[in-house]
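Residue-level listing of the chains:
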Amino acid sequence: MISIITAIHNQLAVNQLFWENLQRYTHHPFELIIIDNGSNDGSAEFFDSVGATVIRNHANYAYPHSQNQGIAIAKYDWLAFLNNDIIVSPLWDIKLIESMTANGLEVATVCGIEQIENAQATKKLKHRWQKIKNFLGLFGFNRTTLSWMHKLMYRNWEGFCFDRQTRFKHQVKEGFVGNTVMIARSALAKIGEWDERIQAADFDLYLRTKKREQEVGDMRAMHVCLDVFIHHYIRLTMKAGYPPFADRDQLIGLEDKWSDAERAQLAKLNK
């Protein structure tokens, strides 16, 4: 069983689409933990109605703080940190865990529009998505247009995903795509929870796993599983707008934690 942790602030249509596909395409039994950061559009009530565990915050908190709230009550040993503006692929969870197990990974992400197997393929995919998003976005980001964006992008979503599952079975590459992160609970004892000072938490997590791999050697750096593709609408939250983070005073930049030399050295080790 898996614990799925998702932070939200409003975006009811996005949340409904997220839940619809999560329920349809997740193989394992799961608990859904929603961190509601001050929604006022019925989103928290919606997730209540479908049986999710909803933690209600009085204000909008940064990503890592929200995810750690979820960890605090999560029951299971596989922790999936999902954005709400995604559509998961068929059997995404079982395929991701299979790939992680086959590659000895305790921390991994999926692939998607942001990054697939090589730069050329990624550029082509991004260009197609941008054209579709720019055109249909003129009609607003409601549930109908979001569904049509996804349909036009992939035509046959299940066929697209199954093709990737077959062609790239258990293939991985080092790096990350931050909309979906799977962490085995065993990794928390080695690298700890999310660093609540860093909003760029996915990059920070990658650097922490890479450093642990180099200095201790008891785990591998975070990798992208190329056989598990998840659609990400990308920056819908930014377009919708949200209040300032309640914990903004404690946030620091990635460069304040990781020096240029450290980042360069870890990046070099990835080549």
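Let me sum up the structure you'll find in this document. Please read these numbers as outputs of a predicted model, since none were measured by experiment.

Let us now look at the side chain of Ser66. By the element assignment, Ser66 lies in helix H3 (residues 63–73). Excluding its chain neighbours within four sequence positions, the residues that come into contact with Ser66 are Ala7, Ile35, Asn37 and Tyr61.

For the structure on display, the rule yields 17 salt bridges. A salt bridge links Glu174 to Lys210, with the nearest nitrogen and oxygen atoms 3.1 Å apart. With Glu174 in strand S7 (residues 172–174) and Lys210 in helix H9 (residues 201–215), this pair connects stretches of sequence that are 36 residues apart. Among the salt bridges present, the one from Glu262 reaches Lys211, with a minimum N-O distance of 3.9 Å. Remark: Lys211 occurs in helix H9 and Glu262 occurs in helix H12 (residues 260–269); sequence separation between them is 51 residues.

Moving on, we come to the pairing of strand S6 (residues 107–111). Of all five residues that make up S6, five are buried, and the element is covered over most of its length. Across three bridges, S6 lies against strand S8 (residues 180–184) in antiparallel orientation. Considered in S8, the bridge of Val107 is made with Ile183. Across four bridges, the pairing between S6 and strand S9 (residues 223–229) is parallel. What sits directly across from Cys111, in S9, is Phe229.

Reading the values: rules and limits
- Residues numbered from 1 in each chain as written.
- Predicted model: local features only at pLDDT ≥ 70, side-chain atom pairs only at ≥ 80, totals over all residues.
- Heavy atoms only, no water.
- Helix = DSSP H or I, 4+ residues; strand = E, 2+ residues; numbered from the N terminus.
- Contact = heavy atoms within 4.5 Å.
- Salt bridge = Lys/Arg side-chain N within 4 Å of Asp/Glu carboxyl O.
- Buried < 20%, exposed > 50% of the residue type's maximum accessible area, 1.4 Å probe, protein only.
- Pairing = 2+ DSSP bridges.

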